[in-house]
Amino acid sequence: MINSNQAPVGKLVLWGLGLVFVISMALGGFYTVDEKERAVLLRNGALVEVSEPGLHFKVPVIDSVREISVATDTVMFDGLPAYSMDQQAATLRVSVSFNVDPSQVAELYKTYGSIENMVNRLISRHVPTQVENTFGKYTAIRAVQERGNFVADTMKAVREHAVGPVQIESVQIENIDFSDAYEQTIEDRMKAEIQVKTREQMLETEKVQAEIRVTQAKAEAEAKLEQARADAEATRLRGDAEADAIKARAAALASNQNLVELTKAEKWNGQLPATMIPNAAIPFLSVKD
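Presented here is an overview of the structure given in this document. Since we're looking at a predicted model, the values are computed, not measured.

1. Description of helix 4 (residues 127–135)
Think of an α-helix as 3.6 residues a turn; residues three or four steps apart then line up on the same face. Those residues of helix 4 that fall on the buried side of the exposure criterion are Val127, Gln130, Val131, Thr134 and Phe135. Here the buried residues of helix 4 occupy an arc of 130° about the axis, which is enough to place them on one side.

2. Describing the sheet that holds strand 8 (residues 167–178)
Overall, antiparallel pairing links the 3 strands, which are arranged 6-7-8 in an open sheet. The sheet is open, and its two borders are formed by strand 6 (73–83) and strand 8, each paired with just one other strand. Put simply, the sheet's adjacent strands are angled 20° from each other on average, direction ignored. Alignment of strand 7 (residues 89–99) against strand 8, held across 10 bridges, turns out to be antiparallel. Bridge pairing in strand 8 links Ala90 to Phe178. Across the sheet, helix 3 (residues 115–123) touches strand 6, strand 7 and strand 8, and the angle it forms with strand 7 is around 135°. Each of strand 7 and strand 8 touches helix 6 (residues 147–161); the most contacted strand, strand 8, lies at about 130° to it.

3. Looking at the nonpolar core
One finds Leu92, Val96, Phe98, Met118, Ile123, Phe135 and Ile168 to be the most contacted residues of the largest nonpolar core, which totals 42 residues. When we break this core down by domain, the ones giving at least three residues each are domain 1 (26–69) and domain 2 (72–178). In contact with Leu92, not counting residues within four places along its chain, are Phe77, Asp78, Gly79, Leu80, Ala82, Val131, Phe135, Phe150, Ile173, Asn175 and Ile176. Core analysis: the next-biggest nonpolar cluster, separate from the first, contains 5 residues, Tyr31, Val33, Ala39 and Leu41 among them.

4. Side note on the packing of helix 4 against helix 6
The geometry of helix 4 relative to helix 6 is characterised by a closest axis approach of 9 Å and an angle of 140° between their N-to-C directions. By the angle class used here, helix 4 and helix 6 are oblique. In the packing of helix 4 onto helix 6, the handedness of the crossing is right-handed. Contacts from Val127, Gln130, Val131, Thr134 and Phe135 of helix 4 reach helix 6 at Phe150, Asp153, Thr154, Ala157, Val158 and His161. Here the contact of helix 4 with helix 6 is built from residues that sort into 6 nonpolar, 4 polar and 1 charged.

Conventions adopted
- Residues numbered from 1 in each chain as written.
- Predicted model: local features only at pLDDT ≥ 70, side-chain atom pairs only at ≥ 80, totals over all residues.
- Heavy atoms only, no water.
- Buried < 20%, exposed > 50% of the residue type's maximum accessible area, 1.4 Å probe, protein only.
- Helix = DSSP H or I, 4+ residues; strand = E, 2+ residues; numbered from the N terminus.
- Arc of directions from axis to C-beta.
- Pairing = 2+ DSSP bridges.
- Axes fitted to C-alpha atoms, helices over the stretch in contact; angles between N-to-C directions.
- Contact = heavy atoms within 4.5 Å.
- Core = buried A, V, L, I, M, F, W, Y, C linked by side-chain atoms within 4.5 Å.
- Domains from an automatic or database assignment.
- Parallel < 35°, antiparallel > 145°, perpendicular 65-115°, else oblique.
- Left-handed = near helix turned anticlockwise from the far one by under 90°.
- Nonpolar A, V, L, I, M, F, W, Y, C, P; charged D, E, K, R; others polar.

Below is the structure:
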């Protein structure tokens, strides 16, 4: 027999459990969507809508939510085997950055169900093949020297084949690993090229220096020639001046005999010769009759 005092207690417990259930159901009807995500709202498994960032309501029990990231993500491919155009074996490490277009979230869920499935079927399926095909269009040395072009061609090939609700942002060739023997060959070749370029620069420098020396020598020679011409001209001018002076002096002496006698007198020191020849005239003196 049930105690009459226990009946109200049982009812209170039931009411309490019911209230907790109602509150839980009510709270479970709300969900939030992050800015870098979109939410697929499912009702009994069927897609109803894609929810934007913010607070949303769903029917408890009946509705469910699947979050889909629309942020940039990266998938890495390590050890991809490939052969160059000149049959050099290599393994490559490649990274692919991608994102999901928010407007394509519904298509992604309907077709692939999740980002992981999409990556496996769209990106992981095509990247190894396109890397191998693109690498095969380059010789080993060109793949290294023209790495930027190789990366651009690889990204173009991946974008052309990874068609779907995904945007390929970039493809990066993280590393190209050749055999040790071939890498040594490349290193030796690069050293040889550096030596050749260094020698060419040295020869070009020597050529410039030689041209500078030739120019300086020509300038010095021309300067000396001009100096010699100037000296010769000065000598000629001095000679002409002296000749003119002698000519003028001779003309003056010839036209004035007294000037000759005056010049003799000016140069006589006033002393008579110690010895005189009989009947000889006294030097520098002319006696008029």
